[in-house]
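Descriptive analysis of the structure
One-letter residues, chain by chain:
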Amino acid sequence: MKYYSLNRKAPQVGFKEALIRGLAPDRGLYFPAEIPRLPADFIEDLTDLSDQEMAFRAIQQYVGDAIPEERLRSIIDETLCFEFPVRSLSDRISVLELFHGPTLAFKDVGARFMARCLGYFNENDAESTKITVLVATSGDTGGAVASGFFGVEGVDVVILYPSGKVSAIQEKQLTTFGGNIKAIEVDGTFDDCQRMVKKAFLDPDLSRSIKLTSANSINIARWMPQMFYYFSAYRKLKKPGKELVFSVPSGNFGNICAGMLAQKMGLPIDHFITGTNENRIVPEFLETGEYRPKPSVATISNAMDVGDPSNFVRIQEIYEGDVEKLRKNLSGYSYTDAQTLEIIGKIYDEKGYILDPHGAIGYMALQEYLNHHREKEGVFLETAHPVKFLDVLPEPIAGQVVLPDSIKTIMPKEKQSSSLDTYSELVDYLLS
Ligand SMILES: *Cc1c(COP(=O)(O)O)cnc(C)c1O
(Lines give C-alpha, C1' and ligand atoms only; values in the text may rest on other atoms or scores of the structure.)
Protein backbone atom coordinates (compact mmCIF):
# COMPACT_ATOMS: atom_id res chain seq x y z
CA MET A 1 0.00 0.00 0.00
CA LYS A 2 1.22 3.47 -0.89
CA TYR A 3 0.41 6.65 1.02
CA TYR A 4 0.17 10.11 -0.48
CA SER A 5 0.34 13.47 1.19
CA LEU A 6 -2.90 15.41 1.43
CA ASN A 7 -0.93 18.54 0.47
CA ARG A 8 -0.02 16.68 -2.74
CA LYS A 9 3.47 18.11 -2.98
CA ALA A 10 5.45 15.12 -1.72
CA PRO A 11 6.21 11.69 -3.20
CA GLN A 12 4.14 8.64 -2.30
CA VAL A 13 5.72 6.35 0.29
CA GLY A 14 5.11 2.89 1.75
CA PHE A 15 3.67 2.05 5.18
CA LYS A 16 7.07 2.02 6.88
CA GLU A 17 8.15 5.42 5.68
CA ALA A 18 4.75 7.01 6.31
CA LEU A 19 4.85 5.69 9.88
CA ILE A 20 8.42 6.82 10.56
CA ARG A 21 7.93 10.26 9.03
CA GLY A 22 4.59 10.95 10.71
CA LEU A 23 4.00 13.95 8.45
CA ALA A 24 4.99 14.15 4.77
CA PRO A 25 7.85 16.52 3.84
CA ASP A 26 5.28 19.02 2.50
CA ARG A 27 3.63 18.97 5.98
CA GLY A 28 0.60 17.10 4.68
CA LEU A 29 -1.02 14.15 6.45
CA TYR A 30 -0.55 10.77 4.80
CA PHE A 31 -3.58 9.02 3.33
CA PRO A 32 -3.83 5.53 1.78
CA ALA A 33 -3.70 5.57 -2.02
CA GLU A 34 -6.54 3.09 -2.11
CA ILE A 35 -9.28 2.02 0.30
CA PRO A 36 -9.76 -1.68 -0.36
CA ARG A 37 -13.26 -3.20 -0.23
CA LEU A 38 -13.46 -6.14 2.13
CA PRO A 39 -15.07 -9.24 0.63
CA ALA A 40 -18.81 -9.52 1.39
CA ASP A 41 -18.33 -12.85 3.14
CA PHE A 42 -15.89 -11.21 5.56
CA ILE A 43 -18.67 -8.93 6.76
CA GLU A 44 -21.23 -11.76 6.82
CA ASP A 45 -18.92 -14.05 8.77
CA LEU A 46 -17.65 -11.44 11.23
CA THR A 47 -19.42 -13.17 14.10
CA ASP A 48 -17.27 -16.26 13.59
CA LEU A 49 -13.94 -14.44 13.69
CA SER A 50 -11.83 -13.68 16.74
CA ASP A 51 -11.06 -10.01 17.46
CA GLN A 52 -7.47 -10.69 16.45
CA GLU A 53 -8.37 -12.31 13.11
CA MET A 54 -10.82 -9.55 12.30
CA ALA A 55 -8.26 -6.82 13.06
CA PHE A 56 -5.56 -8.65 11.10
CA ARG A 57 -7.67 -8.91 7.96
CA ALA A 58 -8.67 -5.26 8.12
CA ILE A 59 -5.25 -3.74 8.81
CA GLN A 60 -3.17 -6.14 6.73
CA GLN A 61 -4.33 -4.44 3.56
CA TYR A 62 -2.77 -1.19 4.72
CA VAL A 63 0.48 -2.67 5.97
CA GLY A 64 1.08 -4.75 2.84
CA ASP A 65 4.48 -6.45 2.81
CA ALA A 66 6.08 -3.91 5.16
CA ILE A 67 5.65 -6.40 8.04
CA PRO A 68 5.57 -10.19 7.54
CA GLU A 69 2.25 -11.87 8.32
CA GLU A 70 3.42 -13.77 11.40
CA ARG A 71 4.93 -10.67 12.97
CA LEU A 72 1.89 -8.55 12.16
CA ARG A 73 -0.29 -11.17 13.85
CA SER A 74 1.81 -11.05 17.00
CA ILE A 75 1.77 -7.23 16.97
CA ILE A 76 -2.04 -7.40 16.84
CA ASP A 77 -2.19 -9.99 19.63
CA GLU A 78 -0.10 -7.75 21.85
CA THR A 79 -2.12 -4.68 20.88
CA LEU A 80 -5.53 -6.20 21.60
CA CYS A 81 -4.71 -7.65 24.99
CA PHE A 82 -7.88 -6.39 26.71
CA GLU A 83 -11.66 -6.39 26.35
CA PHE A 84 -13.95 -4.11 24.31
CA PRO A 85 -17.34 -4.85 25.87
CA VAL A 86 -20.65 -3.52 24.59
CA ARG A 87 -23.39 -2.87 27.14
CA SER A 88 -26.99 -1.97 26.60
CA LEU A 89 -28.26 1.16 28.35
CA SER A 90 -31.76 1.17 26.84
CA ASP A 91 -33.60 -0.57 24.01
CA ARG A 92 -32.00 1.74 21.44
CA ILE A 93 -28.76 2.87 23.05
CA SER A 94 -25.65 0.78 23.68
CA VAL A 95 -22.22 1.78 24.89
CA LEU A 96 -18.94 0.46 23.51
CA GLU A 97 -16.43 0.63 26.35
CA LEU A 98 -12.98 1.44 25.03
CA PHE A 99 -11.37 2.10 28.41
CA HIS A 100 -10.20 -1.32 29.56
CA GLY A 101 -6.62 -0.91 28.29
CA PRO A 102 -3.52 -0.15 30.36
CA THR A 103 -4.12 3.64 30.50
CA LEU A 104 -7.92 3.44 30.61
CA ALA A 105 -8.65 5.36 27.39
CA PHE A 106 -9.15 4.31 23.79
CA LYS A 107 -5.80 5.65 22.63
CA ASP A 108 -4.10 2.50 23.98
CA VAL A 109 -4.88 0.54 20.81
CA GLY A 110 -3.31 3.04 18.42
CA ALA A 111 -0.32 3.70 20.66
CA ARG A 112 0.41 0.01 21.25
CA PHE A 113 0.10 -0.82 17.57
CA MET A 114 2.33 2.03 16.45
CA ALA A 115 4.99 1.30 19.10
CA ARG A 116 5.22 -2.34 18.08
CA CYS A 117 5.44 -1.56 14.37
CA LEU A 118 8.21 0.95 15.05
CA GLY A 119 9.98 -1.61 17.24
CA TYR A 120 9.89 -4.08 14.33
CA PHE A 121 11.27 -1.55 11.83
CA ASN A 122 14.09 -0.63 14.21
CA GLU A 123 15.16 -4.25 14.72
CA ASN A 124 15.47 -4.73 11.01
CA ASP A 125 17.24 -1.55 10.13
CA ALA A 126 20.99 -2.17 9.90
CA GLU A 127 22.03 1.47 10.18
CA SER A 128 19.20 2.24 12.57
CA THR A 129 19.54 5.48 14.47
CA LYS A 130 17.56 6.16 17.56
CA ILE A 131 14.10 7.58 16.89
CA THR A 132 12.61 10.24 19.14
CA VAL A 133 8.83 10.26 19.39
CA LEU A 134 7.75 13.76 20.33
CA VAL A 135 4.16 14.37 21.44
CA ALA A 136 2.10 17.09 23.02
CA THR A 137 -0.77 15.94 25.21
CA SER A 138 -3.81 17.53 26.75
CA GLY A 139 -4.14 14.45 28.93
CA ASP A 140 -4.79 11.04 27.43
CA THR A 141 -2.35 10.79 24.53
CA GLY A 142 0.65 11.15 26.82
CA GLY A 143 -0.23 8.21 29.05
CA ALA A 144 -1.17 5.93 26.16
CA VAL A 145 2.04 6.73 24.30
CA ALA A 146 4.15 6.35 27.45
CA SER A 147 2.63 2.97 28.22
CA GLY A 148 2.66 1.79 24.60
CA PHE A 149 6.30 2.72 23.94
CA PHE A 150 7.79 1.91 27.34
CA GLY A 151 10.79 -0.35 26.84
CA VAL A 152 10.67 -0.34 23.01
CA GLU A 153 14.30 -0.62 21.82
CA GLY A 154 15.73 2.26 19.86
CA VAL A 155 12.90 4.67 20.67
CA ASP A 156 12.95 7.60 23.06
CA VAL A 157 9.67 9.28 23.89
CA VAL A 158 9.40 12.95 24.88
CA ILE A 159 5.98 14.08 26.10
CA LEU A 160 5.07 17.75 26.55
CA TYR A 161 2.13 18.55 28.79
CA PRO A 162 0.65 21.75 30.20
CA SER A 163 1.63 22.09 33.83
CA GLY A 164 -1.33 21.86 36.22
CA LYS A 165 -3.83 21.26 33.39
CA VAL A 166 -4.00 17.47 33.28
CA SER A 167 -5.82 15.40 35.88
CA ALA A 168 -3.89 13.88 38.79
CA ILE A 169 -4.21 10.38 37.37
CA GLN A 170 -3.26 11.47 33.86
CA GLU A 171 -0.13 13.09 35.24
CA LYS A 172 0.87 9.92 37.10
CA GLN A 173 0.31 7.90 33.93
CA LEU A 174 2.76 9.95 31.95
CA THR A 175 5.41 10.81 34.52
CA THR A 176 6.04 7.56 36.38
CA PHE A 177 7.52 5.23 33.76
CA GLY A 178 11.11 6.48 33.61
CA GLY A 179 13.45 4.60 31.24
CA ASN A 180 12.93 5.70 27.63
CA ILE A 181 9.92 7.86 28.56
CA LYS A 182 10.62 11.53 29.38
CA ALA A 183 7.86 13.87 30.54
CA ILE A 184 8.21 17.62 30.27
CA GLU A 185 5.94 20.16 31.97
CA VAL A 186 5.33 23.35 30.08
CA ASP A 187 4.17 26.48 31.86
CA GLY A 188 1.33 27.18 29.42
CA THR A 189 -1.63 25.59 27.65
CA PHE A 190 -1.97 22.51 25.46
CA ASP A 191 -1.85 24.80 22.42
CA ASP A 192 1.56 26.07 23.58
CA CYS A 193 2.83 22.49 23.83
CA GLN A 194 1.39 21.66 20.43
CA ARG A 195 3.01 24.76 18.90
CA MET A 196 6.46 23.76 20.17
CA VAL A 197 6.04 20.23 18.85
CA LYS A 198 4.99 21.46 15.41
CA LYS A 199 7.91 23.87 15.33
CA ALA A 200 10.30 21.06 16.19
CA PHE A 201 9.04 18.95 13.28
CA LEU A 202 9.66 21.88 10.91
CA ASP A 203 13.09 22.71 12.30
CA PRO A 204 15.80 21.78 9.76
CA ASP A 205 18.60 22.07 12.34
CA LEU A 206 16.86 19.57 14.56
CA SER A 207 16.08 17.10 11.77
CA ARG A 208 19.75 17.09 10.74
CA SER A 209 20.74 15.90 14.20
CA ILE A 210 17.91 13.61 15.35
CA LYS A 211 15.18 11.47 13.81
CA LEU A 212 11.86 12.82 15.09
CA THR A 213 8.40 11.34 14.63
CA SER A 214 4.98 12.01 16.08
CA ALA A 215 2.58 9.67 17.86
CA ASN A 216 -0.51 11.85 17.58
CA SER A 217 -3.37 10.66 15.40
CA ILE A 218 -1.76 12.39 12.42
CA ASN A 219 0.42 9.25 12.34
CA ILE A 220 -1.22 6.56 10.19
CA ALA A 221 -0.23 3.82 12.64
CA ARG A 222 -1.99 5.59 15.51
CA TRP A 223 -5.02 6.48 13.46
CA MET A 224 -5.89 3.45 11.31
CA PRO A 225 -5.99 0.57 13.82
CA GLN A 226 -8.91 2.35 15.51
CA MET A 227 -11.19 1.06 12.75
CA PHE A 228 -11.14 -2.16 14.71
CA TYR A 229 -13.58 -0.71 17.28
CA TYR A 230 -16.27 -0.33 14.67
CA PHE A 231 -15.88 -3.87 13.35
CA SER A 232 -15.94 -5.18 16.88
CA ALA A 233 -19.08 -3.26 17.91
CA TYR A 234 -20.88 -3.98 14.66
CA ARG A 235 -20.31 -7.67 15.12
CA LYS A 236 -21.71 -7.65 18.65
CA LEU A 237 -24.73 -5.49 17.85
CA LYS A 238 -25.84 -6.39 14.36
CA LYS A 239 -29.45 -7.47 14.02
CA PRO A 240 -31.12 -8.37 10.76
CA GLY A 241 -32.94 -5.38 9.30
CA LYS A 242 -31.63 -2.89 11.87
CA GLU A 243 -29.27 -0.12 10.92
CA LEU A 244 -26.54 0.88 13.32
CA VAL A 245 -25.53 4.43 14.08
CA PHE A 246 -22.20 5.30 15.77
CA SER A 247 -21.78 8.32 18.03
CA VAL A 248 -18.18 9.36 18.65
CA PRO A 249 -17.04 12.06 21.09
CA SER A 250 -14.40 13.90 19.08
CA GLY A 251 -11.44 16.24 19.41
CA ASN A 252 -8.89 15.70 16.66
CA PHE A 253 -11.39 13.49 14.80
CA GLY A 254 -8.98 10.59 14.39
CA ASN A 255 -11.24 8.03 15.99
CA ILE A 256 -14.36 8.90 13.98
CA CYS A 257 -12.29 9.14 10.81
CA ALA A 258 -11.10 5.55 11.37
CA GLY A 259 -14.77 4.55 11.54
CA MET A 260 -15.40 6.28 8.24
CA LEU A 261 -12.54 4.27 6.77
CA ALA A 262 -14.14 1.04 8.04
CA GLN A 263 -17.41 2.09 6.44
CA LYS A 264 -15.67 2.76 3.11
CA MET A 265 -14.17 -0.72 3.32
CA GLY A 266 -17.69 -2.14 3.41
CA LEU A 267 -18.74 -2.22 7.05
CA PRO A 268 -22.48 -1.45 6.97
CA ILE A 269 -22.65 1.63 9.17
CA ASP A 270 -25.81 3.67 8.73
CA HIS A 271 -24.67 7.04 10.04
CA PHE A 272 -22.03 8.79 12.16
CA ILE A 273 -22.64 11.33 14.87
CA THR A 274 -19.97 13.47 16.39
CA GLY A 275 -20.38 15.03 19.80
CA THR A 276 -18.07 17.85 20.77
CA ASN A 277 -17.69 20.12 23.76
CA GLU A 278 -17.68 23.87 23.21
CA ASN A 279 -14.86 23.48 20.74
CA ARG A 280 -17.54 23.04 18.09
CA ILE A 281 -15.57 23.58 14.89
CA VAL A 282 -16.94 20.56 13.05
CA PRO A 283 -20.63 20.84 14.10
CA GLU A 284 -20.34 24.46 13.00
CA PHE A 285 -18.84 23.40 9.69
CA LEU A 286 -21.76 21.01 9.15
CA GLU A 287 -24.17 23.89 9.78
CA THR A 288 -22.49 26.60 7.75
CA GLY A 289 -20.25 24.79 5.26
CA GLU A 290 -17.36 26.94 6.43
CA TYR A 291 -14.37 25.62 8.31
CA ARG A 292 -13.25 28.16 10.90
CA PRO A 293 -10.54 26.96 13.29
CA LYS A 294 -10.30 28.81 16.61
CA PRO A 295 -8.05 28.76 19.67
CA SER A 296 -9.24 25.92 21.88
CA VAL A 297 -11.20 26.62 25.05
CA ALA A 298 -10.70 24.56 28.21
CA THR A 299 -13.54 22.21 29.20
CA ILE A 300 -14.04 19.25 31.54
CA SER A 301 -13.74 16.88 28.55
CA ASN A 302 -10.15 18.06 28.09
CA ALA A 303 -9.04 15.41 25.61
CA MET A 304 -11.41 17.06 23.12
CA ASP A 305 -10.25 20.64 23.62
CA VAL A 306 -9.12 21.06 20.05
CA GLY A 307 -9.68 24.19 17.99
CA ASP A 308 -8.32 22.94 14.66
CA PRO A 309 -8.90 19.18 14.41
CA SER A 310 -5.97 17.64 12.56
CA ASN A 311 -7.93 14.79 10.96
CA PHE A 312 -10.52 17.09 9.43
CA VAL A 313 -8.49 17.05 6.20
CA ARG A 314 -8.73 13.26 6.10
CA ILE A 315 -12.51 13.46 6.48
CA GLN A 316 -12.61 15.97 3.64
CA GLU A 317 -10.63 13.54 1.52
CA ILE A 318 -13.01 10.65 2.22
CA TYR A 319 -15.99 12.79 1.17
CA GLU A 320 -14.13 14.48 -1.69
CA GLY A 321 -14.58 17.90 -0.09
CA ASP A 322 -18.34 17.65 -0.70
CA VAL A 323 -20.15 19.00 2.35
CA GLU A 324 -23.53 17.67 1.17
CA LYS A 325 -22.13 14.16 0.93
CA LEU A 326 -20.63 14.54 4.39
CA ARG A 327 -23.90 15.83 5.88
CA LYS A 328 -25.69 12.70 4.62
CA ASN A 329 -23.34 10.59 6.66
CA LEU A 330 -22.40 12.74 9.64
CA SER A 331 -24.41 14.78 12.13
CA GLY A 332 -22.78 16.94 14.77
CA TYR A 333 -23.89 18.30 18.12
CA SER A 334 -22.05 20.18 20.84
CA TYR A 335 -22.59 20.54 24.57
CA THR A 336 -21.52 22.72 27.47
CA ASP A 337 -19.84 21.50 30.64
CA ALA A 338 -23.07 22.13 32.56
CA GLN A 339 -25.03 19.87 30.19
CA THR A 340 -22.29 17.25 30.45
CA LEU A 341 -22.43 17.19 34.26
CA GLU A 342 -26.21 17.11 34.21
CA ILE A 343 -26.38 14.02 31.98
CA ILE A 344 -23.71 12.26 34.05
CA GLY A 345 -25.93 12.77 37.09
CA LYS A 346 -29.08 11.71 35.27
CA ILE A 347 -27.64 8.49 33.81
CA TYR A 348 -26.16 7.58 37.16
CA ASP A 349 -29.53 8.10 38.91
CA GLU A 350 -31.55 6.30 36.25
CA LYS A 351 -29.26 3.44 35.27
CA GLY A 352 -26.48 3.31 37.86
CA TYR A 353 -23.98 3.76 35.02
CA ILE A 354 -21.11 6.24 35.44
CA LEU A 355 -20.17 8.13 32.29
CA ASP A 356 -16.94 10.06 31.94
CA PRO A 357 -17.30 13.60 30.50
CA HIS A 358 -16.24 12.48 26.98
CA GLY A 359 -18.58 9.51 26.83
CA ALA A 360 -21.34 11.72 28.26
CA ILE A 361 -21.06 13.94 25.19
CA GLY A 362 -21.22 10.87 22.94
CA TYR A 363 -24.35 9.77 24.79
CA MET A 364 -26.10 13.15 24.47
CA ALA A 365 -25.30 13.41 20.77
CA LEU A 366 -26.68 9.93 20.11
CA GLN A 367 -29.81 10.60 22.09
CA GLU A 368 -30.42 13.85 20.23
CA TYR A 369 -30.04 12.15 16.86
CA LEU A 370 -32.25 9.20 17.82
CA ASN A 371 -34.98 11.62 18.94
CA HIS A 372 -35.25 12.65 15.30
CA HIS A 373 -34.85 9.11 13.91
CA ARG A 374 -37.22 6.93 15.87
CA GLU A 375 -36.60 3.78 13.82
CA LYS A 376 -32.86 3.68 14.45
CA GLU A 377 -30.56 2.21 17.08
CA GLY A 378 -27.12 3.35 18.01
CA VAL A 379 -23.97 2.86 20.00
CA PHE A 380 -21.76 5.54 21.50
CA LEU A 381 -18.08 5.17 22.22
CA GLU A 382 -17.13 5.58 25.87
CA THR A 383 -13.57 6.70 25.32
CA ALA A 384 -12.20 6.94 28.87
CA HIS A 385 -12.74 5.41 32.29
CA PRO A 386 -14.49 7.86 34.66
CA VAL A 387 -11.70 7.38 37.20
CA LYS A 388 -9.49 9.56 34.99
CA PHE A 389 -11.82 12.50 35.61
CA LEU A 390 -12.65 12.13 39.31
CA ASP A 391 -11.70 15.77 39.92
CA VAL A 392 -14.58 17.02 37.74
CA LEU A 393 -17.29 14.44 38.50
CA PRO A 394 -20.05 15.45 40.93
CA GLU A 395 -18.97 14.47 44.45
CA PRO A 396 -21.49 11.68 45.23
CA ILE A 397 -20.75 10.00 41.88
CA ALA A 398 -16.97 10.35 42.14
CA GLY A 399 -17.20 8.44 45.42
CA GLN A 400 -18.87 5.51 43.61
CA VAL A 401 -16.15 4.99 40.96
CA VAL A 402 -14.29 1.76 41.57
CA LEU A 403 -10.53 2.22 41.22
CA PRO A 404 -9.03 -0.19 38.69
CA ASP A 405 -5.89 -2.05 39.83
CA SER A 406 -3.65 -0.23 37.35
CA ILE A 407 -4.46 3.04 39.11
CA LYS A 408 -3.85 1.65 42.58
CA THR A 409 -0.31 0.72 41.59
CA ILE A 410 0.69 4.02 39.98
CA MET A 411 -0.72 6.48 42.50
CA PRO A 412 2.05 6.01 45.07
CA LYS A 413 4.79 6.25 42.43
CA GLU A 414 7.04 9.31 42.31
CA LYS A 415 6.51 11.78 39.47
CA GLN A 416 9.59 12.28 37.26
CA SER A 417 9.48 15.28 34.98
CA SER A 418 11.55 18.18 33.68
CA SER A 419 10.11 21.58 33.01
CA LEU A 420 10.73 24.17 30.34
CA ASP A 421 9.03 27.25 28.95
CA THR A 422 10.58 28.14 25.62
CA TYR A 423 11.24 26.50 22.29
CA SER A 424 15.00 27.00 22.54
CA GLU A 425 14.99 25.13 25.85
CA LEU A 426 13.18 22.27 24.09
CA VAL A 427 15.81 22.19 21.33
CA ASP A 428 18.60 22.05 23.91
CA TYR A 429 16.79 19.26 25.69
CA LEU A 430 16.29 17.20 22.52
CA LEU A 431 19.90 17.60 21.46
CA SER A 432 21.38 16.82 24.88
C1 LIG B 1 -8.38 11.66 22.50
C2 LIG B 1 -9.70 11.50 23.14
C3 LIG B 1 -10.89 11.83 22.47
C4 LIG B 1 -10.89 12.44 21.09
O5 LIG B 1 -10.48 11.55 20.10
P6 LIG B 1 -10.08 12.09 18.66
O7 LIG B 1 -9.63 10.90 17.91
O8 LIG B 1 -8.96 13.09 18.88
O9 LIG B 1 -11.28 12.74 18.09
C10 LIG B 1 -12.10 11.59 23.10
N11 LIG B 1 -12.14 11.08 24.35
C12 LIG B 1 -11.04 10.76 25.03
C13 LIG B 1 -11.17 10.24 26.40
C14 LIG B 1 -9.77 10.94 24.46
O15 LIG B 1 -8.68 10.62 25.14
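Presented here is an overview of the structure given in this document.

**A short note on helix H12 (residues 254-264)**
Counting buried residues in H12 gives ten out of eleven residues, a clear majority hidden from the surface. Taken as a whole, H12 has its buried residues at Gly254, Asn255, Ile256, Cys257, Ala258, Gly259, Met260, Leu261, Ala262 and Gln263.

**Remarks on the nonpolar core**
Core analysis: the biggest nonpolar cluster contains 101 residues, and Phe15, Phe113, Phe149, Met227, Tyr230 and Phe231 have the highest contact counts within it. Of all the elements, helix H5 (residues 107-123) adds the most residues to this core, at nine residues. Once you skip the residues sitting within four places of it in the chain, methionine 227 turns out to touch Ala58, Ile59, Tyr62, Ala258, Leu261, Ala262 and Met265. One finds Ile169, Ile343, Ala365 and Val401 within the second-largest nonpolar core, a separate group that totals 32 residues.

**Here we look at empty space enclosed by the protein**
Using the criterion set out here, one finds three cavities of 30 Å³ or more in the structure. Of the voids in this model, the largest cavity is the one considered here, and its volume is about 350 Å³. Around the largest cavity, the lining is made up of 31 residues, and of these Phe106, Lys107, Thr141, Asn252 and Ala303 lie nearest the centre. Of the residues contributing to the lining of the largest cavity, the split by class is twelve nonpolar, 15 polar and four charged. Of the pockets and cavities examined, the second largest cavity occupies roughly 90 Å³. Lining the second largest cavity we find Ala55, Ala58, Ile59, Ile76, Thr79, Leu80, Val109, Phe113, Pro225, Met227 and Phe228. Among the secondary structure elements, those contributing two or more residues to the lining of the second largest cavity are helix H3 (51-63), helix H4 (69-79), H5 and helix H11 (227-237). Counting residues per element, the lining of the second largest cavity draws most heavily on H3, which supplies three residues. Of the residues assigned to the lining of the second largest cavity, the class counts are ten nonpolar, one polar and no charged.

**Things to note about the layout of surface pockets**
Taken as a whole, the largest pocket encloses approximately 730 Å³ of empty space. Taken together, 31 residues make up the lining of the largest pocket; nearest its centre are Gln194, Lys198, Asp308, Pro309 and Ser310. Among the secondary structure elements, those contributing two or more residues to the lining of the largest pocket are helix H8 (190-202) and helix H14 (312-318). A per-element tally of the lining of the largest pocket places H8 first, with eight residues. Looking at the lining of the largest pocket residue by residue, the classes come out as 15 nonpolar, nine polar and seven charged.

**Here we look at the side chain of arginine 112**
As for its placement among the helices and strands, arginine 112 is situated in helix H5. It is aspartate 108 that comes nearest to the buried, bridge-free arginine 112 among opposite-charge side chains, at 6.1 Å.

**Observations regarding the packing of H4 against H5**
Geometrically, a packed helix pair is captured by the angle between its two axes and the distance between the axes. Where H4 meets H5, the closest approach of the two axes is 9 Å, and the angle between their N-to-C directions is 145°. Crossing hand, H4 versus H5: right-handed. Counting all contacts with H4, which are made through Arg71, Leu72, Ile75, Ile76, Glu78 and Thr79, the residues of H5 involved are Val109, Arg112, Phe113, Arg116, Cys117, Tyr120 and Glu123. Across the contact of H4 with H5, the residue classes break down as seven nonpolar, one polar and five charged.

Procedures and definitions
- Each residue is numbered by its place in its chain's sequence as written, counting from 1.
- Per-residue local features of the predicted model are confined to residues with pLDDT of at least 70, and side-chain atom pairs are confined, for both listing and counting, to 80 or more; whole-chain, interface and lining totals are unaffected and use all residues.
- To get the side-chain values, all heavy atoms of the structure are used, and hydrogens and water are removed first.
- Note on classification: 1.4 Å probe, protein chains only; a residue is buried when its accessible area is under 20% of the maximum for its type, exposed when over 50%, partly exposed between these limits.
- Helix and strand assignments follow DSSP, with helices taken as H or I runs no shorter than four residues and strands as E runs no shorter than two, numbered in order from the N terminus.
- What we call a nonpolar core is a set of buried Ala, Val, Leu, Ile, Met, Phe, Trp, Tyr and Cys residues that are connected through their side-chain atoms within 4.5 Å.
- By definition in these notes, contact holds between two residues if any of their heavy atoms fall within 4.5 Å.
- Definitions used throughout: a 1 Å grid over protein atoms alone; a cavity as a set of points that fits a 1.4 Å probe which cannot get out; a pocket as an open set with protein on both sides within 12 Å along at least five of seven lines; a lining residue as one with an atom within 4 Å of a point.
- Grid points are joined across faces, edges and corners, and a volume is the space filled by probe spheres set on the points.
- Lys, Arg, Asp and Glu make up the charged group, whereas Ala, Val, Leu, Ile, Met, Phe, Trp, Tyr, Cys and Pro make up the nonpolar group; the residues left over, Gly among them, are polar.
- When charges are counted, Lys and Arg contribute as positive and Asp and Glu as negative, whereas His and the chain ends are disregarded.
- Salt bridge, as used here: a side-chain nitrogen of Lys or Arg that lies within 4 Å of a carboxyl oxygen of Asp or Glu.
- Only the stretch in contact is used when a helix axis is fitted, and all axes are lines through C-alpha atoms; the angle between N-to-C directions ranges over 0 to 180 degrees.
- Each crossing gets its handedness from the near helix: less than a right angle anticlockwise from the far helix is left-handed, clockwise is right-handed.

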